[in-house]
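As a plain string of letters, each chain reads:
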Amino acid sequence: MNFTPTDNKGQVEGFCLLKNADVKTSSKGDHYLDATLADADGEINAKLWNYTEAIHGAFTAGQLVKVRGTISVYNGNDQFRIERIRPVTDADCVRTEDFVRSAAYSGEQMFNELLRLTGEFQNRELASLASDILKERRLALLYWPAAFRLHHAIRSGLLLHTLSVVRLCENACQLYPFLNKDLLLTGAMLHDIAKIEEFEVNETGMASGYTVKGNLIGHLAEGAIVVRTAARRLGLSEDLSNLVEHMLLSHHGDPEFGAAVRPMTMEAEVLSEMDMLDARMYEMKEALEPLPSGTFSGKIWSMENRKLYQHGLTDDWGSVRLF
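Quick summary incoming for the structure in this document.

The rules behind these values
Residues numbered from 1 in each chain as written. Predicted model: local features only at pLDDT ≥ 70, side-chain atom pairs only at ≥ 80, totals over all residues. Heavy atoms only, no water. Helix = DSSP H or I, 4+ residues; strand = E, 2+ residues; numbered from the N terminus. Buried < 20%, exposed > 50% of the residue type's maximum accessible area, 1.4 Å probe, protein only. Contact = heavy atoms within 4.5 Å. Areas by Shrake-Rupley, 256 points an atom, 1.4 Å probe, with all protein chains shown as cover. Lys, Arg positive; Asp, Glu negative; His and termini not counted. Charge placed at Lys NZ, Arg CZ, Asp CG, Glu CD. Polar contact = N/O pair within 3.5 Å; in protein donor to acceptor, adjacent residues only side chain to side chain. Axes fitted to C-alpha atoms, helices over the stretch in contact; angles between N-to-C directions. Parallel < 35°, antiparallel > 145°, perpendicular 65-115°, else oblique. Left-handed = near helix turned anticlockwise from the far one by under 90°. Nonpolar A, V, L, I, M, F, W, Y, C, P; charged D, E, K, R; others polar. 1 Å grid on protein atoms, 1.4 Å probe; cavity = no way out; pocket = protein on both sides within 12 Å on 5 of 7 lines; lining within 4 Å. Points joined across faces, edges and corners; volume = space filled by probe spheres on them. Core = buried A, V, L, I, M, F, W, Y, C linked by side-chain atoms within 4.5 Å. Patch = residues over 30% accessible without salt bridge, like charges linked within 9 Å, V, L, I, M, F, W, Y side chains within 5 Å. Salt bridge = Lys/Arg side-chain N within 4 Å of Asp/Glu carboxyl O.

Okay, the overall build of the protein next. When helices and strands are counted, the protein shows 11 helices and eight strands. A principal-axis box enclosing the C-alpha atoms of the protein has dimensions of 65 × 45 × 40 Å. Here the protein holds 323 residues, and 48% of them are scored as buried. For the protein, the share of sequence-separated contacts (at least 6 apart) that also reach a separation of at least 24 residues comes to 58%. Total accessible area on the protein is roughly 16500 Å²; 51% of this is exposed by carbon and sulfur atoms. In the protein, the 33 positive side-chain charges and the 45 negative ones have mean positions that sit 3 Å from each other.

Dropping the structure here:
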């Protein structure tokens, strides 16, 4: 986060994007604003204690604000204590685009690569299924994030994660020639397709919460519905549709993590493992990259509250190489 010091007492200020902003109640019964402040370099949790809308104003996710406050460490992670906050004005001359973290590749570039790969499928039913579903959701895919708060929660993050999983699956097919490549890549391309229905996303490309459908159904079950609906519309075989639906329903691996069933085909198992690998590599990179050599991260909830060690041997912290 790019904040500017205002004095020698640790106070800083700057412009940022409210990735989320929720009014909560403390154990003492006082209201406070729990927010995530973000810019193109990162994000930080923030608290505005003793919050009153009449005094401080109302704030919503996706809003640009100017904040002043101090940064401290809480449970091993930085936290911003807001002392002053206001919406930006035209006089501030700031743009939303400057404060949104985005994938290293454009949405158009990644989307076009997925379509190109479907053109190489030998199984034309799977090619038709994957390309039809992707084209139907093209406009949203170009900027949609892959998550609300966790991995790839950035502009065009869904395509970044999807193409990353596709690349991992392509390599798996080279190592294991007995995998059905067209089936595996179809599952990889479509495994998170229903996240478009799962999240509320504003024009910044950042999720502000879950939709009713996202809460009641979730992207695994909804993704299987999307596949079945498209397969019937295209007149594809039910057996083939079942295989793709199974991959979507099982790609979280275990019911404990939301899977409707465990993987029961080789392709479903590979997809599940590659999905987890890419998500965890992203989160580990995010946690370790800013740390000095020889130090540990704070506990990471999404990784069983593990602390991660920065060994200092990494030479290149660049983005995942998709092309």
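Structurally, serine 131 can be placed in helix α3 (residues 124-136). In the structure, serine 131 is positioned 59 residues away from leucine 190 in sequence and 9.8 Å away in space, judged by C-alpha atoms. Within the structure, serine 131 has its side chain in polar contact with the backbone oxygen of alanine 127 (distance 2.8 Å).

Located in the positive-phi region is cysteine 93, a residue other than glycine, with phi close to 55°. Even without being a glycine, glutamate 304 presents a positive backbone phi close to 60°. In this structure, glutamate 304 sits in the segment after α11 (266-288). On the basis of relative accessible area, glutamate 304 is assigned to the partly exposed category, the value being 47%.

What follows is about the packing of α3 against helix α9 (residues 218-234). Remark: α3 packs on α9, axes separated minimally by 10 Å, with the N-to-C direction vectors making an angle of 115°. Between α3 and α9, the angle is such that the two are roughly perpendicular. The handedness of the crossing between α3 and α9 is right-handed. Here Ser128, Leu129, Asp132, Ile133 and Glu136 of α3 come into contact with α9, specifically with Val226, Val227, Ala230, Ala231, Arg233 and Leu234. Considering only residue class, the contact of α3 with α9 consists of seven nonpolar, one polar and three charged.

Summed over all chains, the structure comprises one cavity of 30 Å³ or more. Of the pockets and cavities examined, the largest cavity occupies roughly 40 Å³. What lines the largest cavity is simply Leu114, Leu134, Leu141, Leu158, Leu159, Thr162, Met189, Leu190, Asp192 and Ile193. A class-by-class count of the residues in the lining of the largest cavity yields eight nonpolar, one polar and one charged.

This part takes up the environment of glutamate 97. With respect to the helices and strands, the residue glutamate 97 is situated in the loop between β6 (77-87) and α2 (107-118). The class for glutamate 97 is exposed, based on a relative accessible area of 59%. Spatially, the C-alpha atoms of glutamate 97 and aspartate 39 are 9.3 Å apart, while their sequence positions differ by 58 residues.

On to the nonpolar core, then. Grouped together as the largest cluster of nonpolar side chains are 56 residues, with contacts concentrated most on Leu129, Met189 and Leu190. Broken down by element, the residue count for this core peaks at nine residues, all from helix α5 (residues 157-175). For leucine 190, the contacting residues outside a window of four places in its chain are Leu129, Ala130, Ile133, Leu134, Val227, Val244 and Leu248. Counting residues in each nonpolar core, the second largest holds 18 residues, with Phe3, Leu33, Phe80 and Ile82 among its members.

With that settled, the discussion passes to a nonpolar patch on the surface. A contiguous nonpolar surface patch, about 440 Å² in accessible area, is contributed by Leu175, Tyr176, Phe178 and Met266. Structurally, the position occupied by methionine 266 is in helix α11.

The next point concerns the side chain of threonine 186. Locating threonine 186 in the fold gives a position in helix α6 (residues 181-190). Here threonine 186 falls in the buried class, since its relative accessible area comes to 0%. Those residues in contact with threonine 186 that lie beyond four places of it in its chain are Phe121, Leu126, Leu129, Ala130 and Val244.

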